[in-house]
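A structural walkthrough
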Amino acid sequence: RKEVEQDPGPFNVPEGATVAFNCTYSNSASQSFFWYRQDCRKEPKLLMSVYSSGNEDGRFTAQLNRASQYISLLIRDSKLSDSATYLCSPAGGSYIPTFGRGTSLIVHP
Amino acid sequence: DVKVTQSSRYLVKRTGEKVFLECVQDMDHENMFWYRQDPGLGLRLIYFSYDVKMKEKGDIPEGYSVSREKKERFSLILESASTNQTSMYLCASRTGDNEKLFFGSGTQLSVL
């Protein structure tokens, strides 16, 4: 089993839609979780941190399910500018940050 | 704001050349990392460093070496560049385990 698994997509949604991505991880010792956003040919940038059960920031909500070892990212009222690749990254427990391969989101008019 | 600076945004080198990629961070971070990113393969860890003069191999260290003589600077060295090292190279740093990463803007390296 890969350490971090994400559906690569692409998720193709219209503006205004709600979309959710899941990320599963294998290291049960992971203590903190991050979602990064990466635009084409740019570096990943932190979108959200999750340290307990979840986190909400405007249109973005992250939920953590430790029992099932997955994290989700929900985007409400999608904007064209949300089009990007979203990387999931559990941290802690192994000292090496791990990343999923990312989920591609395309928001169309 | 934390700044992680990579010396070059684009680089073109010839096969067999020795290549240096420099990365500097300005927030006194302990940990620094070098990744390469290729389409469909995600981020792959080449080397990392927990502290000055310390280095550890990541998942794909072959053909690379690193140097960390000062806390703020982490250099990636391609001893003899090959065409299969054409890639986007990303440097990152963080304060410690469990913490988020800050990335540099990346170096797109082409080896001809």
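Conventions adopted
Residues numbered from 1 in each chain as written. Chains lettered and ligands numbered in written order. Predicted model: local features only at pLDDT ≥ 70, side-chain atom pairs only at ≥ 80, totals over all residues. Heavy atoms only, no water. 1 Å grid on protein atoms, 1.4 Å probe; cavity = no way out; pocket = protein on both sides within 12 Å on 5 of 7 lines; lining within 4 Å. Points joined across faces, edges and corners; volume = space filled by probe spheres on them. Nonpolar A, V, L, I, M, F, W, Y, C, P; charged D, E, K, R; others polar. Core = buried A, V, L, I, M, F, W, Y, C linked by side-chain atoms within 4.5 Å. Buried < 20%, exposed > 50% of the residue type's maximum accessible area, 1.4 Å probe, protein only. Helix = DSSP H or I, 4+ residues; strand = E, 2+ residues; numbered from the N terminus. Contact = heavy atoms within 4.5 Å. Phe/Tyr/Trp six-rings, centres within 6.5 Å; stacked < 30°, edge-to-face > 60°. Lys NZ or Arg CZ within 6 Å of the ring centre and 35° of its normal. Pairing = 2+ DSSP bridges. Axes fitted to C-alpha atoms, helices over the stretch in contact; angles between N-to-C directions.

**Description of empty space enclosed by the protein**
Residue and element names in this part refer to chain A. Under the counting rule described, the total for this entry stands at 1 cavity of 30 Å³ or more. Roughly 70 Å³ of volume is contained in the largest cavity. As for the largest cavity, its lining consists of 12 residues, and the residues nearest its centre are E3, N27, S30, P90 and T98. Partitioned by chemical class, the residues of the lining of the largest cavity number 5 nonpolar, 6 polar and 1 charged.

**Comments concerning the nonpolar core**
In a soluble, globular protein the nonpolar side chains are often hidden away together inside. In terms of nonpolar packing, the biggest core is built from 22 residues, with F21, W35, I71, L73, I75, Y86 and L105 of chain A touching the most fellow members. Secondary structure elements with two or more residues in this core: β3 (19–25), β4 (32–38), β5 (45–50), β7 (60–65), β8 (70–75), β9 (84–91) and β10 (103–108) of chain A. At 4 residues, the largest contribution of residues to this core is made by β3 of chain A. Filtering out sequence-adjacent residues up to four positions away, I71 of chain A remains in contact with F21, N22, C23, Y25, F33, W35, Q63, L64 and C88 of chain A. Judged by nonpolar contacts, the second largest core, of 20 residues, contains I60, F74, A81 and V111 of chain B.

**What about the packing of aromatic side chains?**
For any pair of aromatic rings, the description rests on two quantities: the centre-to-centre distance and the angle between the ring planes. Inspection of the entire model under this criterion finds 14 aromatic pairs over all chains. Their ring planes at 20 degrees and their centres at 6.0 Å tell us that F33 of chain B and F48 of chain B sit as a pair that is stacked. Here F48 of chain B lies in strand β6 (residues 42–49) and F33 of chain B lies in strand β5 (residues 31–38), a separation of 15 residues in the sequence. F33 of chain B sits in the buried class, given a relative accessible area of 0%. F48 of chain B sits in the buried class, given a relative accessible area of 4%. Where F48 of chain B meets Y50 of chain B, the ring centres are 5.2 Å apart and the plane angle is 65 degrees; that geometry is what we call edge-to-face. Of the two residues, F48 of chain B and Y50 of chain B, both sit in the buried class. Linked through ring pairs, F34, Y36, Y51 and F99 of chain A together with F33, Y35, F48, Y50 and F103 of chain B together constitute an aromatic cluster. One residue, R9 of chain B, lies across the ring of Y10 of chain B, its end atom 5.2 Å from the ring centre.

**Some details on the sheet that holds β3 of chain A**
Residue and element names in this part refer to chain A. Read from one edge to the other, the open sheet built from 5 strands follows the order β1-β3-β8-β7-β6, with strand pairing classed as antiparallel. The sheet terminates laterally at β1 (4–6) and β6 (54–57), the two strands that pair on one side only. Each neighbouring strand pair of the sheet contributes to a mean axis angle of 15 degrees, computed without reference to strand direction. Of the pairings in the sheet, the one linking β3 to β8 comprises 6 bridges and is antiparallel in character. Within the sheet, the bridge partner assigned to F21 lies in β8 and is L73.

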